[in-house]
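# Coordinate analysis (summary)
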Amino acid sequence: TSSMAREVDLLLPTHAGPEIGVASTKAFTCQLAVMAALAVNLARARGRLDAAQEAEIVRHLIEAPAAINAALAHDADIEAMAHTIAQARDVLYLGRGPDYALALEGALKLKEISYIHAEGYAAGEMKHGPIALIDEAVPIIVIAPSGPLFEKTVSNMQEVRARGGKVVLISDADGLAEAGEGCIATIEMPHVHPLIAPLVYAVPVQLLAYHVAVAKGTDVDQPRNLAKSVTVE
């Protein structure tokens, strides 16, 4: 029923329900899910997926809510380590491949509601500039599910530690077993198919921003200078 929805020729409703806070969280996640469903539908229509492949992807999407609930179960762990991040003036988020987008989301949410300067970077780009910012006062949030790209991200983490950086690793049990030692905190996520990993890993980075904001005493729902509806270009 928004003015934008009324203006367009085609609408794909997310069915997220009302988003009360200015910093959108469930709307972000629902948009990811809708875009994934749209991509599968288009691929089937163009003959790039057969019925069995489509059914397999849909099965993983149906599994997403249970995986997100498993991620939410670590809320207390995230709250416990939020005080460490709340003391920082600058925070870096690193992710590789699709996880780079989650690094951007995590940094944006932290900036919006806790007023801490944060930047998201592709992990492979770290040595091309961001590494100059790393010292013991700059926490590094690393988003790295286990998989083919994990070893490369672990190498980035080792570079961070060698310069005194404090690493928070968000990964599944396999990833934490391999690279969790030496981190100031770890957040365990369920092991999920790469297709739905962004839906699941959005939860901890958003919760971290929330708990840091609460620890700092800022207004989580109504951050300063932001509005729910932007009416000017």
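Remember, predicted model here, so these are calculated numbers, not experimental data.

Two side chains bearing opposite charge may form a pair once their charged atoms approach each other closely. Counted by the stated rule, this structure contains 5 salt bridges. Between Glu54 and Arg44 there is a salt bridge whose closest N-O contact spans 2.6 Å. Here Glu54, found in helix H3 (residues 51-72), pairs with Arg44, found in helix H2 (residues 26-45); they are 10 residues apart in sequence, far enough to count as distant. By relative accessible area, Arg44 is classed as partly exposed at 36%. The partner of Glu56 in a salt bridge is Arg59, and the shortest N-O contact between them spans 2.9 Å.

In this structure, His15 takes a positive phi of about 55 degrees despite not being glycine. Secondary-structure assignment places His15 in the loop between helix H1 (3-7) and H2. The exposure class of His15 is exposed, given its relative accessible area of 71%. Residues other than glycine seldom take positive phi values, yet Tyr115 does so here, at roughly 65 degrees. Within the secondary structure, Tyr115 sits in the loop between helix H5 (98-114) and strand E2 (117-122). For Tyr115, a relative accessible area of 27% corresponds to the partly exposed category.

Reading guide: rules and limits
Residues numbered from 1 in each chain as written. Predicted model: local features only at pLDDT ≥ 70, side-chain atom pairs only at ≥ 80, totals over all residues. Heavy atoms only, no water. Salt bridge = Lys/Arg side-chain N within 4 Å of Asp/Glu carboxyl O. Helix = DSSP H or I, 4+ residues; strand = E, 2+ residues; numbered from the N terminus. Buried < 20%, exposed > 50% of the residue type's maximum accessible area, 1.4 Å probe, protein only.

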